[in-house]
Amino acid sequence: MTKPDLSIEVNGIKFENPFLLASGPPGTNAKVISKSFDLGWGGVVCKTISLEADKVTNVAPRYAKFRGRTSNEVVGFENIELISDRPFEVWLEELADLKKRYPNKVLIASIMEEGRRECWHEITKRVQETGVDALELNLSCPHGLPERRMGMAMGEDPERVKEVVGWVKEVSTIPVWAKMTPNIVHPEGAARAAVEGGADGISAINTILSIVGVNLKTLHPQPTVEGFTVSGGYSGQAVRPIALRHIMEIARGCPDVPISGMGGIETGFDAAQFMLLGSHTVQVCTGAMLRGYEMVSDLEDDLRSFMNDHGFTSPRDFIGKSLPYFSTHADLVERQREAKIERAGRRNRDNEWKGEIAKETDKLTTN
């Protein structure tokens, strides 16, 4: 049997497979990005960078695991990690070097800035000069730097999203993806605003604002840093149902815009669900942190298995294929009513005759 082709083209960029490492620790420097390229990931979104890394200080510990009640399985994961604390100039050098060494690999730079047009112009122009293939605008980090009105503080406001994306598109020469926050009620609103601002694609979802738990011995919430903490971002397989709903809403609200979906993807079968709901590529962060970069081969095997089962030869064959099956509750009620009527019409009516033929004939007569 011929192996299905996992490659896909998005915004003119050819991905050898739809699996990307999401912005975060898996893409925190050139060394680890190189390793992921060597192992076969279809692309990498580097950890979010900004112009002034000296304003960023990460703490330790900064992660907390949420485990199953009766097992040791990690079903959820919280982080209070900030964007990259590495100097901007170092990042520019590393991004340029990576593209020279891996010209056929897809490298996407995640960028984040304060709400000033000149800052977004500067970071956009300087980063794209390194040769990266696309930009992902972090408009969705749920914690850290709220005092600078960055991340989710921008992404929860559709008008702000449109404005910031517009600033970037004024100077960008490569595709721009806007990364959406799940910490809003109507995700399609912010996504549409990004598209109106000129976004070439949408990434979703970022982590969900959370508190993973409280230690009942110390009474300190987790993760604890010198006895204190802040609300963090929740990820892992537990958020997948929420992420799928956001992808579905965004795909229906922005039907002609490619989506890079993420949120609890740990297997190729998870990825297939995101693609059936409209994702063109998928991103993995927590899964790689827990299982290692080598998981990409399993992701590919799983996705090919799914495609073989259905006779799909390319991801394009099934992207969005499950979207038509979403409706309204009123429609579900009507469909069920009609189905009952149809099933009733197919019953073996001849078995219902009891022998009182005159009375039974009268019951089946309308006049």
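A quick note: this is a predicted structure, and the numbers were derived from the prediction, not measured. (Residues numbered from 1 in each chain as written. Predicted model: local features only at pLDDT ≥ 70, side-chain atom pairs only at ≥ 80, totals over all residues. Heavy atoms only, no water.)

## Some details on the overall build of the protein
Line of reasoning, step 1. Each helix and strand in the protein was counted, giving 12 helices and 14 strands.
Line of reasoning, step 2. The dimensions of the protein, computed from C-alpha atoms along their principal axes, are 95 × 55 × 45 Å.
Line of reasoning, step 3. Counting contacts in the protein only where the partners sit at least 6 residues apart, residues at least 24 apart contribute 73% of the total.
Line of reasoning, step 4. In the form shown here, the protein has an accessible surface area of approximately 17,800 Å², with 51% of it arising from carbon and sulfur atoms. (Helix = DSSP H or I, 4+ residues; strand = E, 2+ residues; numbered from the N terminus. Contact = heavy atoms within 4.5 Å. Areas by Shrake-Rupley, 256 points an atom, 1.4 Å probe, with all protein chains shown as cover.)

## With respect to the packing of helix H3 (residues 117-128) against helix H5 (residues 158-171)
Line of reasoning, step 1. One way to put it is that H3 packs onto H5 with a least axis distance of 9 Å and a crossing angle of 45 degrees. By the angle between their directions, the pair H3 and H5 is classed as oblique. Read as a crossing pair, H3 and H5 show a hand that is right-handed. When H3 is examined against H5, the residues Arg117, Trp120, His121, Thr124, Lys125 and Gln128 are found in contact with a partner set consisting of Val164, Trp167, Val168, Glu170 and Val171.
Line of reasoning, step 2. Residue classes in the contact of H3 with H5 are distributed as five nonpolar, three polar and three charged. (Axes fitted to C-alpha atoms, helices over the stretch in contact; angles between N-to-C directions. Parallel < 35°, antiparallel > 145°, perpendicular 65-115°, else oblique. Left-handed = near helix turned anticlockwise from the far one by under 90°. Nonpolar A, V, L, I, M, F, W, Y, C, P; charged D, E, K, R; others polar.)

## Digging into unusual backbone geometry
Excluding glycine, most residues fall at negative phi; most peptide bonds, likewise, are trans.
Line of reasoning, step 1. For the bond from Ala60 to Pro61, the omega torsion is 0 degrees, close enough to zero to count as cis.
Line of reasoning, step 2. Relative to the helices and strands, Pro61 is located in the loop between strand E4 (43-45) and strand E5 (63-67).
Line of reasoning, step 3. One non-glycine residue with positive phi stands out, namely Asn11, at about 55 degrees.
Line of reasoning, step 4. Positionally, Asn11 belongs in the loop between strand E1 (8-10) and strand E2 (13-15).

## Some points on helix H10 (residues 296-310)
Line of reasoning, step 1. Here H10 contains 15 residues, and its C-alpha end-to-end distance of 22 Å stays within 8% of the 21 Å for a straight helix at 1.5 Å per residue.
Line of reasoning, step 2. A positive backbone phi angle near 75 degrees is found at Gly311, which sits one or two residues after H10. (Expected span 1.5 Å × (residues − 1).)

## Looking at the sheet that holds strand E12 (residues 232-235)
Line of reasoning, step 1. Read from one edge to the other, the open sheet built from four strands follows the order E5-E6-E12-E11, with strand pairing classed as antiparallel. Bordering the open sheet on either side are E5 and strand E11 (208-210), each of which pairs with just one other strand. Mean inter-strand twist for the sheet, computed between neighbouring axes without regard to direction, equals 35 degrees.
Line of reasoning, step 2. Relative to strand E6 (residues 74-79), E5 runs antiparallel, the two sharing five bridges. (Pairing = 2+ DSSP bridges.)

## Topic: the packing of aromatic side chains
Line of reasoning, step 1. Here the structure, examined in full by the defined rule, presents seven aromatic pairs.
Line of reasoning, step 2. Measuring from ring centre to ring centre gives 5.1 Å for Phe306 and Phe318, while their planes differ by 75 degrees; the resulting arrangement is edge-to-face. Pair noted here: Phe306 is in helix H10 and Phe318 is in the loop between H10 and helix H11 (329-345), with a separation of 12 residues, a long-range link. Both residues of the pair, Phe306 and Phe318, count as buried.
Line of reasoning, step 3. One aromatic cluster in this structure is built from Phe306, Phe312 and Phe318.
Line of reasoning, step 4. In this structure, Arg86 is placed above the aromatic ring of Trp91, and the distance from its NZ or CZ to the ring centre is 5.1 Å. (Phe/Tyr/Trp six-rings, centres within 6.5 Å; stacked < 30°, edge-to-face > 60°. Buried < 20%, exposed > 50% of the residue type's maximum accessible area, 1.4 Å probe, protein only. Lys NZ or Arg CZ within 6 Å of the ring centre and 35° of its normal.)

## Side note on helix H6 (residues 187-196)
Line of reasoning, step 1. Of the residues making up H6, those classed as buried are Pro187, Glu188, Ala190, Ala191, Ala193 and Ala194.
Line of reasoning, step 2. Taken together, the buried residues of H6 touch helix H4 (152-155), H5, strand E9 (176-179), strand E10 (201-204) and helix H7 (240-253).

## Focus on the packing of helix H2 (residues 88-101) against H3
Line of reasoning, step 1. Orientation of H2 relative to H3, taken along the N-to-C sense of each, is 35 degrees, at an axis distance of 9 Å. Contacts between H2 and H3 involve Phe88, Glu89, Leu92 and Leu95 on the former and, on the latter, Ile123, Arg126 and Val127.
Line of reasoning, step 2. Of the residues contributing to the contact of H2 with H3, the split by class is five nonpolar, no polar and two charged.

## Some details on the environment of Thr313
Line of reasoning, step 1. Inspection of the secondary structure puts Thr313 in the loop between H10 and H11.
Line of reasoning, step 2. According to the relative accessible area criterion, Thr313 is exposed, its value standing at 51%.
Line of reasoning, step 3. Sequence spacing of Thr313 and Glu352 is 39 residues, and the spatial spacing of their C-alpha atoms is 50 Å.

## Some thoughts on the nonpolar core
Line of reasoning, step 1. Formed by 93 residues in total, the largest nonpolar core has its most connected members in Trp120, Val127, Leu139 and Met180.
Line of reasoning, step 2. In terms of residue count, the dominant contributor to this core is H7 (six residues).
Line of reasoning, step 3. Sequence-distant contacts of Leu139, defined by excluding residues within four places in its chain, comprise Trp120, Gly151, Met152, Met154, Gly155, Val161, Val164, Val165, Ala178, Lys179 and Met180. (Core = buried A, V, L, I, M, F, W, Y, C linked by side-chain atoms within 4.5 Å.)

## Concerning the sheet that holds strand E14 (residues 279-284)
Line of reasoning, step 1. The eight strands are arranged E3-E4-E7-E8-E9-E10-E13-E14 in a closed barrel whose pairing can be described as parallel. Sheet twist, expressed as the mean angle between neighbouring strand axes with direction ignored, is 25 degrees.
Line of reasoning, step 2. Two elements, strand E13 (residues 259-262) and E14, share four bridges in a ladder whose sense is parallel. Within E14, the residue paired with Ser260 across the bridge is Thr281.
Line of reasoning, step 3. Against the sheet, helix H8 (residues 268-276) contacts strand E3 (19-21), E13 and E14, and its axis sits at roughly 145 degrees relative to E14.

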